[in-house]
Number of protein chains: 2
Amino acid sequence: MENKFHSLRQHFEELYSLTDEEWDFIEPHFHFKTLKKHQFLIQAGQAVNFEYWIINGLVKAYHIDDKGKEHILQFAMEKYWVSDHCAFQHQEPGTIFVDCLEDSEFFYLSLEDREKICLAVPAVANFFRVKSNHGYINLQKRVLSLLTMTAEDRYQYLVTKLPALIQRVPKKLIASYLGVSRETLSRFNS
Amino acid sequence: MENKFHSLRQHFEELYSLTDEEWDFIEPHFHFKTLKKHQFLIQAGQAVNFEYWIINGLVKAYHIDDKGKEHILQFAMEKYWVSDHCAFQHQEPGTIFVDCLEDSEFFYLSLEDREKICLAVPAVANFFRVKSNHGYINLQKRVLSLLTMTAEDRYQYLVTKLPALIQRVPKKLIASYLGVSRETLSRFNS
DNA sequence: ATAAAAATGTGATTTAGATCACTTTTAGCT
DNA sequence: AGCTAAAAGTGATCTAAATCACATTTTTAT
């Protein structure tokens with residue numbers, strides 16, 4: 001029977017390979033958690049002690065503004081990392097909610113343990129370096145899309161780029177992610 | 001007389017300290033370049049062979065859309081890293097222009113050399129890991145500001161957050177960075 | 001199976017901000 | 001200092017998208 005951490009090790013090794021000794025050191029720093037649809041992984045106002053890797057499921061990370069309106073920062077699914085990165089990194093109260101759109105399973109890691117394994121195993125430092133860099137590049141694209149494209153173009157682009165997400169997620173959440181009202185999005189034809 | 005790389009070493013050591021041996025290995029991978037105001041560091045359509053660290057000066061990184069309109073992704077000044085990160089990372093033709101708003105000096109590094117020093121010196125991997133992470137966090141804030149705030153609020157926020165930038169840069173570029181027309185920005189009172 | 005709750009669709013109206021057109025001010029250059 | 005070009009201000013008009021209001025459809029829970 002296969003170790004449940006297998007998929008996580010594989011994920012790390014997609015970028016930098018690890019020896020069995022290195023993995024045996026890394027693995028115990030991760031813990032397992034499972035949540036059902038609608039349950040919260042992270043809540044604004046509270047400490048954010050972990051960053052999470054999604055084994056399977058789907059979550060949304062979002063901010064709620066002063067008018068109570070929800071703005072989606074990220075949809076995260078299988079093999080994605082998710083947290084309130086700012087609060088986690090600076091160990092301060094969060095401003096982001098993360099909750100499950102589907103039943104989900106996670107591995108999670110504390111900041112202290114992340115630093116520990118990054119310093120002990122250079123391949124892990126390099127892994128997170130490259131992952132962060134990819135995240136940065138993707139966010140730059142999102143900023144550009146918000147600056148240059150119309151709401152409808154952003155929607156059409158998302159439909160071609162992540163067609164599966166459109167199926168898995170209510171349109172009003174897609175609207176919130178794109179920065180459009182759900183009424184306006186409903187008038188676009190897909 | 002002080003080594004011109006001193007500021008760069010100091011910049012690395014703000015996050016993880018280095019031995020003299022490590023620095024002696026790292027330093028020769030960086031090269032020096034100087035440009036005058038209005039000169040290009042990077043041009044869309046061309047290969048992006050380097051990432052740049054700004055010793056002093058100020059540049060803008062921007063995309064030009066199909067209507068010829070300029071959208072500013074980043075202002076980068078002393079101690080900032082700048083490149084067309086996507087094109088650099090994937091070694092493909094760029095889509096971003098970077099040019100100087102002031103005479104500027106840079107150290108630059110190739111992708112190959114970056115990988116080389118990251119693998120040889122774990123502190124460098126950790127340095128770029130943390131830097132990328134900070135960049136990611138800042139971009140998340142920018143995305144949120146575009147989703148949640150009005151144009152005027154974004155402007156007022158920038159004025160309080162980076163008052164020096166407002167002085168150093170024409171308002172029409174600030175407008176482009178914020179995703180507002182220069183006419184609309186001109187009607188905000190500062 | 002049925003009730004309640006979400007999600008979606010659609011018309012009518014409003015609005016933040018874009019665009020256009022032109023003037024005034026400021027900064028660079030020889 | 002004087003000339004040129006870029007930057008900034010301002011009125012008038014237009015428009016993409018928000019908001020409001022309500023109907024319809026689809027999910028979810030019991």
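Residues numbered from 1 in each chain as written. Chains lettered and ligands numbered in written order. Predicted model: local features only at pLDDT ≥ 70, side-chain atom pairs only at ≥ 80, totals over all residues. Heavy atoms only, no water.

### Re the side chain of B:Glu51
All names here are of chain B.
In step 1: Here glutamate 51 shows up in strand S3 (residues 50–56).
In step 2: For glutamate 51, the side chain forms a polar contact with the side chain of arginine 114, separated by 3.2 Å.
In step 3: Here glutamate 51 is in contact with Trp81, Val82, Ser83, His85, Phe88, Phe107, Tyr108, Leu109, Arg114 and Phe128, once residues within four sequence places are set aside. (Helix = DSSP H or I, 4+ residues; strand = E, 2+ residues; numbered from the N terminus. Polar contact = N/O pair within 3.5 Å; in protein donor to acceptor, adjacent residues only side chain to side chain. Contact = heavy atoms within 4.5 Å.)

### Focus on unusual backbone geometry
Residues and elements named next belong to chain B.
In step 1: One non-glycine residue, histidine 38, adopts positive backbone phi at about 80°.
In step 2: Along the chain, the position of histidine 38 falls in the loop between strand S1 (31–35) and strand S2 (40–42).
In step 3: Positive phi, normally seen in glycine, also occurs at lysine 79, with a value near 75°.
In step 4: Relative to the elements of secondary structure, lysine 79 occurs in the loop between strand S5 (70–77) and strand S6 (81–82).

### A word on the protein's contact with DNA strand C
In step 1: Around DNA strand C, the surrounding shell holds 17 residues, and the nearest of these are A:Lys171, A:Lys172, A:Arg182, A:Arg187 and B:Thr184.
In step 2: In DNA strand C, atoms within 4 Å of the protein come from the sugar-phosphate backbone in 40% of cases.
In step 3: A:Lys171 places a main-chain nitrogen or oxygen 2.7 Å from a phosphate oxygen of DNA strand C.
In step 4: Interatomic distance of 3.4 Å between a side-chain N/O atom of B:Arg187 and a base oxygen of DNA strand C.
In step 5: For the surface near DNA strand C, the elements supplying multiple residues, two or more each, are helix H8 (171–178) and helix H9 (182–187) of chain A together with helix H9 (182–187) of chain B.
In step 6: Tallying contributions element by element places H9(A) first for the surface near DNA strand C, with 4 residues. (Near = heavy atom within 4 Å.)

### Looking at the nonpolar core
In step 1: Within the largest apolar cluster, 50 residues are counted, with the highest numbers of intra-cluster contacts made by A:Val82 and B:Val82.
In step 2: A:Tyr16, A:Ile26, B:Tyr16 and B:Leu109 belong to the second largest nonpolar core, which has 44 residues in total. (Core = buried A, V, L, I, M, F, W, Y, C linked by side-chain atoms within 4.5 Å. Buried < 20%, exposed > 50% of the residue type's maximum accessible area, 1.4 Å probe, protein only.)

### What about the relation of the copies chain A and chain B?
In step 1: The transform that puts chain A on chain B rotates by 180° and translates by 0.0 Å along the axis, for an RMSD of 0.0 Å. Put plainly, the chains are arranged around a two-fold axis. The position closest to the rotation axis in chain A is occupied by the C-alpha of A:Arg129, lying 1.9 Å away.
In step 2: With an isologous cut-off of 70% or more, the 100% of interface residues of chain A that recur at the interface of chain B puts this contact in the isologous class. (Least-squares fit on C-alpha atoms with pLDDT ≥ 70 in both.)

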